[in-house]
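One letter stands for each residue in the lines below.
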Amino acid sequence: MSDVPAFGTPARRLFQLEDGSIYLNHGSYGATPRDVTAVQRHWQDRLEAEPSRFMEREFRPGLRVAASRLAEWIGVEGRAVALVENATQAVNAVLRSMSFRPGDEILINDQTYNAVKNTVRWIAARTGAVVVQVDLPFPAYSADSLLSAFAAGLSGRTRLAVIDHVTSPTALVMPVERMVAAARQVGAATLVDGAHAPGMIPLDLPSIGADWYTGNCHKWMFAPKGCAFLWASEEVRADLHPTVISHGYGQGFVTEFDWVGTRDASAHFALPDALGFLERFGPERVRDRNHRFVVDAGRRLADTWGTETGAPPALTGSMITVRLPDGFGSSQADAIELRRRLLDERRIQVPINALAGGLWARVSGQIYNDDSDIDALAEAILTERRNSA
Ligand SMILES: Cc1ncc(COP(=O)(O)O)c(C=O)c1O
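Residues numbered from 1 in each chain as written. Predicted model: local features only at pLDDT ≥ 70, side-chain atom pairs only at ≥ 80, totals over all residues. Heavy atoms only, no water.

Caption draft 1: Quick look at the packing of aromatic side chains. According to the stated counting rule, one finds 14 aromatic pairs in the structure shown. Where Phe-59 meets Phe-269, the ring centres are 5.7 Å apart and the plane angle is 90 degrees; that geometry is what we call edge-to-face. Of this pair, Phe-59 sits in helix 4 (residues 51–74) while Phe-269 sits in helix 12 (residues 266–269), placing them 210 residues apart in sequence. By the burial criterion, Phe-59 is buried, and Phe-269 matches it. Taking the centre distance of 4.7 Å and the plane angle of 65 degrees together, the rings of Phe-138 and Trp-360 count as edge-to-face. Highlighted residues: Phe-138 in the loop between strand 4 (130–134) and helix 7 (143–151) and Trp-360 in strand 12 (residues 358–364), separated in sequence by 222 residues. Take Phe-138: its relative accessible area is 16%, and that puts it in the buried class. Note on Trp-360: relative accessible area 1%, which makes it buried. Ring pairing ties together the aromatic residues Phe-7, Phe-15, Phe-222, Phe-277, Phe-281 and Tyr-368, which thus form one cluster. In this structure, Arg-159 is placed above the aromatic ring of Phe-100, and the distance from its NZ or CZ to the ring centre is 5.5 Å. (Phe/Tyr/Trp six-rings, centres within 6.5 Å; stacked < 30°, edge-to-face > 60°. Helix = DSSP H or I, 4+ residues; strand = E, 2+ residues; numbered from the N terminus. Buried < 20%, exposed > 50% of the residue type's maximum accessible area, 1.4 Å probe, protein only. Lys NZ or Arg CZ within 6 Å of the ring centre and 35° of its normal.)

Dropping the structure here:
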């Protein structure tokens, strides 16, 4: 372990983040280590040195190597894993592969990611399916309350339930296994949107029991942007197609997804090295540290501001929401304006959302963050409030 940099500033040197910025938003787009970006560039160079040979001989085998490596991490077989560019693409592939009849219900919730909500609405508008949206409790104090709010939206007509593993605006780690089981009881299919989960939460996909699971590798697994996966259970695999139909059509799940036209898959080819980066630090050690970091950060921020966090430690992964003190307004426009000021005037990057009648910061903790980042945010909010009083 002695050659592994310490968390905080030493680890930050391995990333390409600008000097002087306070980056508390790993969750939105990840941040790729310098060495992983170098590997990605190496793959691009290799392709351009002999484009035809690379595309015709190395492209698909390279994807399969990456998929098999990832498969070990998520407890499945490589042939059950399609590599896609992002979770949005994967959700679209699942929804567009299903057939819905008028009156079929698709269950989402108020915290479902907006791009996913749009996809569900688009499918519903084309098929006559009905979108059922339930409100989840927020702040959320228990897994039971999340489960019962979700279950209230299930009925004998529910054809598909879309379940976030970690919610985007509120950073809640959902009781997915129990939600999937509840959906199955009414005969609904289940798609778990685990955009944030890989690298943040230990994953063993078969134990979740869903029909489909998608996760991003470009967030908490350190892969370059444009690296995500879609896993499908054996029963639904044959009917699943990518959003782009190409040469592989009819030749099986993996073949269809591997070739969706000529493209740059260097982010996928660099995935084994991103996983190697994580292994160097120890995946469990990173997860635990990030979790402890944000739980502690949430408590300190809430104490400083006289507010509360959006979830207890049991529902928290590597991100936490903290309510801002009153005085900043309560609309999404207020949230956007405060976020802009923090970034433009103080170089603090942190998402702010309007929720539950107030504004909330969503704080990510990654190996390059340290307490001084949290202190800077705490102080910036107090100063902003004094200035606007
Ligand atoms: C829950 C959830 N789903 C889907 C996405 C979309 O991810 P991407 O932009 O990589 O498709 C995100 C992004 O943050 C998310 O939080």
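Let us keep going from here.
Caption draft 2: Fine view of unusual backbone geometry. The amide bond that connects Phe-138 to the next residue, Pro-139, takes the cis arrangement and shows omega of -5 degrees. Looking at the secondary structure, you find Pro-139 in the loop between strand 4 and helix 7. Unusually for a residue other than glycine, Arg-347 sits at a positive phi of about 60 degrees. Position of Arg-347 among the secondary structure elements: in the loop between helix 15 (332–346) and strand 10 (348–349). Although it is not a glycine, Ala-356 adopts a positive phi angle of roughly 45 degrees.

Caption draft 3: Local environment of the pairing of strand 11 (residues 352–355). As defined by bridge partners, strand 11 adjoins strand 12 across four bridges and the pair is classed as antiparallel. Opposite Leu-355, over in strand 12, you have Gly-358 as the bridge partner. Linkage of strand 11 to strand 12, two consecutive antiparallel strands, is achieved through a turn of two residues, within which Ala-356 is found at a positive phi near 45 degrees. (Pairing = 2+ DSSP bridges.)

Caption draft 4: Structural context of the domain arrangement of the protein. Taken domain by domain, the protein comprises domain 1 (9–32 + 282–388) and domain 2 (38–275). Distance between the C-alpha centres of domain 1 and domain 2: 27 Å. At the interface, 32 residues of domain 1 touch 28 residues of domain 2. Both sides of the domain 1 and domain 2 interface together cover about 2300 Å² of buried area, and 62% of this is carbon and sulfur. In this assembly, domain 1 and domain 2 are joined by zero salt bridges. Here domain 1 is connected to domain 2 by 11 residue pairs in polar contact (both at pLDDT 80 or more). Those elements giving two or more residues to the side of domain 1 that touches domain 2 turn out to be helix 2 (26–29), helix 14 (283–305), strand 9 (319–323), strand 11 and strand 12. The element best represented in the side of domain 1 that touches domain 2 is helix 2, accounting for four residues. (Domains from an automatic or database assignment. Contact = heavy atoms within 4.5 Å. Buried area = accessible area lost by both parts, 1.4 Å probe. Salt bridge = Lys/Arg side-chain N within 4 Å of Asp/Glu carboxyl O. Polar contact = N/O pair within 3.5 Å; in protein donor to acceptor, adjacent residues only side chain to side chain.)

Caption draft 5: A look at the environment of Asp-375. If you trace the backbone, Asp-375 turns up in helix 16 (residues 371–388). For the pair formed by Asp-375 and Thr-321, sequence separation is 54 residues and the distance between their alpha carbons is 16 Å. In this structure the side chain of Asp-375 is engaged in a polar contact, spanning 2.8 Å, whose partner is the side chain of Arg-300.

Caption draft 6: Broad picture of the sheet that holds strand 9. With respect to topology, three strands assemble into an open sheet ordered 9-12-11, the strand pairing being antiparallel. Looking at the sheet topology across the chains shown, the edges are occupied by strand 9 and strand 11. Sheet twist, expressed as the average angle between the axes of neighbouring strands with direction ignored, equals 35 degrees. Relative to the sheet, helix 14 contacts strand 9 and strand 12, its axis offset from that of strand 9 by approximately 5 degrees. (Axes fitted to C-alpha atoms, helices over the stretch in contact; angles between N-to-C directions.)

Caption draft 7: Here's a closer look at the site of the ligand. Surveying the vicinity of the ligand reveals 13 residues, the closest of which are Thr-88, Asp-193, Asn-216, His-218 and Lys-219. Within the backbone of Ala-87, one N or O atom sits 3.3 Å away from an oxygen atom of the ligand. Thr-88 has a polar side-chain atom sitting 2.5 Å from an oxygen atom of the ligand. Here the ligand, which alone exposes 390 Å², has 90% of that area covered by the protein. (Near = heavy atom within 4 Å. Areas by Shrake-Rupley, 256 points an atom, 1.4 Å probe, with all protein chains shown as cover.)

Caption draft 8: Local environment of the nonpolar core. Judged by nonpolar contacts, the single largest core of 79 residues is most densely connected at Leu-70, Val-81, Leu-205, Tyr-213 and Phe-229. Ranked by residues supplied to this core, first place goes to helix 4 with nine residues. Formed by 29 residues, the second largest nonpolar core is a distinct cluster that contains Val-91, Ile-106, Ile-123 and Ala-189. (Core = buried A, V, L, I, M, F, W, Y, C linked by side-chain atoms within 4.5 Å.)

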